[in-house]
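Here is how the chains run, residue by residue.
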There are 6 protein chains.
Amino acid sequence: MADKTALVISAHSADFVWRCGGAIALHQQRGYDVTIVCLSYGERGESAKLWKNEGMTLEKVKEARRIEAENAARALDVHDIQFFDLGDYPLEMDRSAKERLVDVIRKVQPAFMLSHSKVDPYNTDHMYATQMAIECRMIAQAWGHNPGEKVLGAPQLYLFEPHQTEQMEWKPDVFLDISPVWDKKWAAIQCMTGQEHLWHYYRNVAENRANHFRRNSGGQSGGRPATHAEGFQSIFPRTVDEL
Amino acid sequence: MADKTALVISAHSADFVWRCGGAIALHQQRGYDVTIVCLSYGERGESAKLWKNEGMTLEKVKEARRIEAENAARALDVHDIQFFDLGDYPLEMDRSAKERLVDVIRKVQPAFMLSHSKVDPYNTDHMYATQMAIECRMIAQAWGHNPGEKVLGAPQLYLFEPHQTEQMEWKPDVFLDISPVWDKKWAAIQCMTGQEHLWHYYRNVAENRANHFRRNSGGQSGGRPATHAEGFQSIFPRTVDEL
Amino acid sequence: MADKTALVISAHSADFVWRCGGAIALHQQRGYDVTIVCLSYGERGESAKLWKNEGMTLEKVKEARRIEAENAARALDVHDIQFFDLGDYPLEMDRSAKERLVDVIRKVQPAFMLSHSKVDPYNTDHMYATQMAIECRMIAQAWGHNPGEKVLGAPQLYLFEPHQTEQMEWKPDVFLDISPVWDKKWAAIQCMTGQEHLWHYYRNVAENRANHFRRNSGGQSGGRPATHAEGFQSIFPRTVDEL
Amino acid sequence: MADKTALVISAHSADFVWRCGGAIALHQQRGYDVTIVCLSYGERGESAKLWKNEGMTLEKVKEARRIEAENAARALDVHDIQFFDLGDYPLEMDRSAKERLVDVIRKVQPAFMLSHSKVDPYNTDHMYATQMAIECRMIAQAWGHNPGEKVLGAPQLYLFEPHQTEQMEWKPDVFLDISPVWDKKWAAIQCMTGQEHLWHYYRNVAENRANHFRRNSGGQSGGRPATHAEGFQSIFPRTVDEL
Amino acid sequence: MADKTALVISAHSADFVWRCGGAIALHQQRGYDVTIVCLSYGERGESAKLWKNEGMTLEKVKEARRIEAENAARALDVHDIQFFDLGDYPLEMDRSAKERLVDVIRKVQPAFMLSHSKVDPYNTDHMYATQMAIECRMIAQAWGHNPGEKVLGAPQLYLFEPHQTEQMEWKPDVFLDISPVWDKKWAAIQCMTGQEHLWHYYRNVAENRANHFRRNSGGQSGGRPATHAEGFQSIFPRTVDEL
Amino acid sequence: MADKTALVISAHSADFVWRCGGAIALHQQRGYDVTIVCLSYGERGESAKLWKNEGMTLEKVKEARRIEAENAARALDVHDIQFFDLGDYPLEMDRSAKERLVDVIRKVQPAFMLSHSKVDPYNTDHMYATQMAIECRMIAQAWGHNPGEKVLGAPQLYLFEPHQTEQMEWKPDVFLDISPVWDKKWAAIQCMTGQEHLWHYYRNVAENRANHFRRNSGGQSGGRPATHAEGFQSIFPRTVDEL
């Protein structure tokens, strides 16, 4: 089981914590090596609290955000977090940035990938990151891209939970029980000192998704008593031997 | 594993063969007891070939259709096929017909259910059957319906493949490898002597769905060489411990 | 060409005028026999002006509406208009009403059918009429329904233009040039003395749909100079020999 | 302002509490008279906890549910709560039940109406209630229905928040700040002694919807500090004098 | 009320006239300062009539279009119209063009913004302009973008009416009564001498939208007698204190 | 009839064969001149089999792909196939590539165009090609683009059948009977020596689409006995003189 891997593609350096911190910690616990790629630090658009401090510069914000993200990754038992530092608001990826992401995908050979919702009128960086995840997954599957490298198979791409799900046209088709690792996710959340207003919000989300987990696993007639859960939307169909 | 069960709700007596014959045979092989409910025989609307014979009556058509369906069920190793004989074109279920279906659902306590697509402008019986499956699933979950009976949990409802999928707004999110039982499905198909024009069609479907299975399980980089497959669309989210 | 036929299924007795009066007159001119079925008179819900008169009764309203509709049909050169008088707000069809409609469909053997939009939160009679059109089309195709009768083929079902198209999720995929018969449609519209507030509205619609006709037939580079048009949404795919 | 009114149409007797208790209390406070119609008690399908007690009967469950609902209505300052007692799982309304609802609509002449989401594969009673709300709103607008009565205008129909919003294809387009009446909603929630497992869930919902309120009213640049909110989806377009 | 502002983002220099000229004039009358940004002149793609003249050059077309737009703006009482001159068919915005638009947004601090529909297969410039409006709104909200500047709150983005609404998947959720300023909009429309074929079309639109206004404000039972109206689709949910 | 033309825009050099080879051959037979533009060779992403050979280079793959495509075009009786060689995985078109495509569109003046589905999460090149087809169609209609050239009218854009249609949100609204030219399409398919695994798949598709053709042209009551067919989705509404 030691060679199972997963890859998270996070538009800004904090996204992975709120949206799939539980999935990360749980799969680490199950023997996966989870790699996190932060395409940007969210230094311009997701660091309001920091910018309200005096004497702040772009570099200082990026540094503060990097440290928070590294702390959070550590809290989730992740050993591999990479910062592409591509800038945010807007996030943009040129050909070489795409190839850098393809290199990571091919190196990791993930069993599954995680990224943002397909729609987000509040935050175009989020949907752009997902477009890039899809495009780079395709390039990583091309036999003629860096011939000789191990070509990517067909990993699932899960879209993690966005803020204001209904506005993002996001519909979860799988709920993951993260009860066993909730304390780790909560610790990681608390590393996000710049966005304290979201801590409570995402605890509520985790509790309420657990209600959905219970209901969909049987409700009052046999549902499993999860206390915290996360939801995900799959892009591709699954292939199974049993329904 | 002997107590695993599944339930197929088929608007007309032949639908289960084309649309999920492979799933039925496969799960029987895996130790499931699969129950098939045929709400009608399809005697008016899906028996054109029979009606072209001379001296045909409604009863004769129903009898011929019942025999075909029983033969097909046998070919799929099914021991429990029930004919509700509710009439077709249009299929209609009154309160007592619904309660009869609820009784079956509660008795079977299926791990999952199978029925038609949600939309079908060619055949309103199909979408009606799915509405009934959803409504009766809900009633079976009600603690106040026949108090004392074992209440239903939260089984998945899979929508099996309709004819002309795109017109039915049906989108499969799971492909099932039915290669090991294709010969059984093919035998069941050949029991449908009244609809021979569809045999070849559904063999093509099974072969092409296998292509989708291969592609989604890894394609040219590790995809599994399935020869025949079936697709299904899930109505409810899954609850899992691993992505 | 004398044996071409078409069938309009109108929830209330005036709907056919505003929504497809041009199509009716044009096809009559082209040698079609168009049959119009008015499922109700719209006596309760679409006759506000009449009800504001003193001493009005349901029968008087129905009579007034019938006369208007007959006059409009005459203005459109239609010889066959049938009133099912099933009541409105809400319109309801039991099994025998459905069979009556099936009888008409089979007798007419229409090359195409016309009815309402699939969605209408303002007026559930409209979407109900379309459901019935779809269900009865299916029954008319059943070889076991009144065996021996000529079975229906696969006529297109066009949804004519509803009021407030965007709220009805109606999207036209075909525009019909009704310029040659606009005077007839305008005469038919003026037969609707109880709904004078809609005359101008539907003239505007016809003029603006002509703009869409011009644009989609070539715009400023060869578009045909239609002056009036109607739009329709197809339910079923077309079968062609040339794109 | 004393003559402003609103109408809530609740499939089961507890729905109005979780889903729009804040809106009810707030509008009562603003001088509206809010009428609540409970189409059923939810006695069969939404009273699992009660049914687990010994010696329970349908009448006892209904009585218990009625008392809870009356207490909750009182906590929300509502003077008019009506129980139609139509049965649940499934809820069904015949012609006379529809006319009873139309009578209430016409009597109340609501400035706006509230009901369930349009889709709910878990609970068909919910979407059925909304269909009935839409159909009865239409009948109430018919000049020929009980001529002489005051005809209904065009009140907005708001769909209140369902459980598992994403599965219900529900998308809120308006957030209401219920901070001033949260204590009343919380008191009403606590009247629901049979569904204690939902109290915490809906407190979380109210807190998180307040986050959405803050964000959409300006976020970190001027958003209003609401502590609790409710979301609603509008069926009809608004008519305004200023954007 | 003097400090209320609004911002229109128009792909081509004439779009604002047809699509929201009434909203502009009305809000000017109500004390708003409305700023109009024309991203291009529509010089290549929306000036067919001009190009049919002899000796025409790109500069001459742009000049003619600028004069028309300025005249129209004046007719609508607008004092601030800006021409970005970015080119059309296709319209493209690089990083500096985006920042220029962000600067305007921040300077105006609009209470609401207006732009095109999200979909337009006839005219990709239109949907591109809306993408840019959404992206630049986001950048304007970033505390790290030009730190020290006043950060944008959360203004609504209204999508104004496209040509052939149904093809653009545009659905209005708000109708604005522009009767009081119709004469101004009509005057502005007549400034568009190069597109005279659209004058009548958009008068029809305004009249028919007034019908929708009347119907949705009460219809025959209290609807307000608007003579002209405009429709808009909101991107973001509203935040309110009363439904 | 000699001056009828059509234009196929194919992302990779083999796409036109599988997806619209029948339409091409049929229209050639009917006197059309069909032009095929291959934006790339699919050299990186759709040539797995070739890359498994030793000593392969990008140029060799492109050469092999070009020869295959030319052979296939010949088998379909096409005289004009153009290779833009823009690269694949990802396909990218800068301003000059767009203008090159516009030049072809204007030169061909197609009666209709053919390209890919609008959505394709497996292959972003496909949906990118369609975006470009739509954008370049628009530019070709601009009177100010290369003034003096013949401006494009309003040709239909048909989306040909993608792989895994349901995942691509592709819904055919027209079926074309390609029975008379199936032997030519089959010959063209067999030119694709690098993708032999798809031959059988697309023969099944053609056979099953013929079933849809038969059903939609009348089914068991008069449907035409097509043996092979292709499906297409229209982007724009049609303009007609008869329904």
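Residues numbered from 1 in each chain as written. Chains lettered and ligands numbered in written order. Predicted model: local features only at pLDDT ≥ 70, side-chain atom pairs only at ≥ 80, totals over all residues. Heavy atoms only, no water.

As for the relation of the copies chain D and chain C
Under the fitted operation, chain D is carried onto chain C by 0.0 Å of movement along the axis and a turn of 120 degrees, and the coordinates agree to an RMSD of 0.0 Å. The operation mapping one copy onto its partner corresponds to a three-fold rotation axis. Scanning chain D for the C-alpha nearest the rotation axis identifies aspartate 94 of chain D, at a separation of 7.7 Å. (Least-squares fit on C-alpha atoms with pLDDT ≥ 70 in both.)

A closer look at the side chain of threonine 124 of chain F
Here threonine 124 of chain F is to be found in helix H5 (residues 124-140). Discounting chain neighbours no more than four positions away, the residues touching threonine 124 of chain F are Ile134, Glu135 and Met138 of chain A. (Helix = DSSP H or I, 4+ residues; strand = E, 2+ residues; numbered from the N terminus. Contact = heavy atoms within 4.5 Å.)

Some remarks on the packing of aromatic side chains
By the definition in use, this model includes 54 aromatic pairs over all chains. A ring pair is formed by tyrosine 201 of chain A and tyrosine 202 of chain A, whose centres lie 4.8 Å apart and whose planes are at 75 degrees; its orientation type is edge-to-face. An aromatic cluster is built from Tyr32, Phe112, Tyr158 and Phe232 of chain A, whose rings are joined through pairwise contacts. One cation-aromatic arrangement involves lysine 52 of chain D over tryptophan 143 of chain B; the distance from NZ or CZ to the ring centre is 4.7 Å. (Phe/Tyr/Trp six-rings, centres within 6.5 Å; stacked < 30°, edge-to-face > 60°. Lys NZ or Arg CZ within 6 Å of the ring centre and 35° of its normal.)

Focus: the sheet that holds strand S8 (residues 238-240) of chain D
Strand order in the open sheet formed by eight strands is S8(D)-S6(E)-S7(E)-S5(E)-S4(E)-S1(E)-S2(E)-S3(E), and the pairing between neighbours is mixed. Of all strands in the sheet, those with a lone pairing partner are S8 of chain D together with strand S3 (80-83) of chain E, marking the two edges. Adjacent strand axes in the sheet meet at a mean angle of 25 degrees, parallel and antiparallel pairs treated alike. In terms of strand pairing, strand S2 (residues 33-38) of chain E meets S3 of chain E through four bridges, oriented parallel. Across the sheet, the residue bridging to valine 37 of chain E is glutamine 82 of chain E, located in S3 of chain E. Against the sheet, helix H5 (residues 124-140) of chain E engages strand S1 (5-10), strand S4 (112-115) and strand S5 (156-160) of chain E, with an angle of about 155 degrees to S4 of chain E. Of the strands in this sheet, S8 of chain D together with strand S6 (174-177) and strand S7 (229-234) of chain E are in contact with helix H7 (residues 199-216) of chain E, which crosses S6 of chain E at around 110 degrees. (Pairing = 2+ DSSP bridges. Axes fitted to C-alpha atoms, helices over the stretch in contact; angles between N-to-C directions.)

What to know about the interface of chain B and chain A
When the parts of a complex come together, some accessible area is lost, and that lost area is often taken as the interface size. Contacts between the two partners involve 37 residues from chain B and, on the opposite side, 37 residues from chain A. Of the roughly 3200 Å² buried where chain B meets chain A, counting both sides, 52% is carbon and sulfur surface. The three residues of chain B that bury the most area against chain A are Arg238, Asp241 and Leu243 of chain B, which together make up 26% of that side's buried surface. Linking chain B with chain A are six salt bridges. Note that arginine 30 of chain B is salt-bridged to glutamate 242 of chain A, the shortest N-O span being 3.3 Å. If you look at where chain B meets chain A, you find 22 residue pairs in polar contact (both at pLDDT 80 or more). Mapped onto the side of chain B that touches chain A, the elements with two or more residues apiece are helix H1 (15-29), strand S4 (112-115), strand S6 (174-177), helix H7 (199-216) and strand S8 (238-240) of chain B. Per element, the largest residue contribution to the side of chain B that touches chain A is four residues, and it comes from S6 of chain B. In terms of residue class, the side of chain B that touches chain A is built from 20 nonpolar, eight polar and nine charged. Across three bridges, strand S8 (residues 238-240) of chain A lies against S6 of chain B in parallel orientation. (Buried area = accessible area lost by both parts, 1.4 Å probe. Salt bridge = Lys/Arg side-chain N within 4 Å of Asp/Glu carboxyl O. Polar contact = N/O pair within 3.5 Å; in protein donor to acceptor, adjacent residues only side chain to side chain. Nonpolar A, V, L, I, M, F, W, Y, C, P; charged D, E, K, R; others polar.)

Remarks on the side chain of aspartate 88 of chain F
Residues and elements named next belong to chain F. Within the secondary structure, aspartate 88 is located in the loop between strand S3 (80-83) and helix H4 (95-108). The charged side chain of aspartate 88 is buried without a salt bridge, its nearest counter-charge being arginine 44 at 4.1 Å. From its side chain, aspartate 88 meets the backbone nitrogen of glutamate 43 in a polar contact 3.4 Å long. If we ignore the near neighbours within four places in the chain, the residues touching aspartate 88 are His12, Ser40, Gly42, Glu43, Arg44, Gly45, Glu46 and Asp125. (Buried < 20%, exposed > 50% of the residue type's maximum accessible area, 1.4 Å probe, protein only. Lys, Arg positive; Asp, Glu negative; His and termini not counted.)

With respect to the interface of chain D and chain C
With 15 residues of chain D at the interface, the matching set in chain C holds 15 residues. Of the roughly 1500 Å² buried where chain D meets chain C, counting both sides, 62% is carbon and sulfur surface. Broken down residue by residue, the surface that chain D buries against chain C is led by Arg95, Met138 and Trp143 of chain D, which jointly contribute 40%. Run the count over chain D and chain C and you get two salt bridges. Counting the contacts that link chain D with chain C gives four residue pairs in polar contact (both at pLDDT 80 or more). Of the residues that constitute the side of chain D that touches chain C, the class distribution is nine nonpolar, three polar and three charged.

Remarks on the relation of the copies chain B and chain A
Once turned by 180 degrees and shifted 0.0 Å along the axis, chain B lies on chain A with an RMSD of 0.0 Å. Both chain copies can therefore be described as sitting about a two-fold axis. Looking at the rotation axis and the C-alpha trace of chain B, the residue lying nearest is aspartate 173 of chain B, at 4.8 Å. Take the interface residues of chain B: 100% of them recur as interface residues in chain A, which is what a same-surface contact looks like.

A closer look at the confidence of the model for chain A
In this model, chain A carries an average pLDDT of 96, and 99% of its residues clear a pLDDT of 70 or more. Reported confidence for the predicted complex is 0.96 by ipTM and 0.97 by pTM. (pLDDT = per-residue confidence, 0-100.)

Comments concerning the pattern of salt bridges
By the definition in use, this model includes 114 salt bridges over all chains. Here lysine 184 of chain C and aspartate 77 of chain C are joined by a salt bridge, their closest N and O atoms 2.5 Å apart. In this pair, lysine 184 of chain C sits in helix H6 (residues 182-190) while aspartate 77 of chain C sits in the loop between helix H3 (58-75) and strand S3 (80-83), placing the two residues 107 residues apart along the sequence. For lysine 185 of chain E, the salt bridge is made with glutamate 230 of chain E, and the minimal N-O distance between the two is 2.6 Å. Taken together, the positions of lysine 185 of chain E in helix H6 (residues 182-190) and glutamate 230 of chain E in strand S7 put the pair 45 residues apart, joining distant regions of the chain. In terms of burial, lysine 185 of chain E and glutamate 230 of chain E fall into one category: buried.

With respect to the arrangement of the chains
For chain A and chain C, which are not in contact, the least C-alpha distance works out to 18 Å. These two, chain B and chain E, are apart from each other, with no contact and a minimum C-alpha gap of 18 Å.

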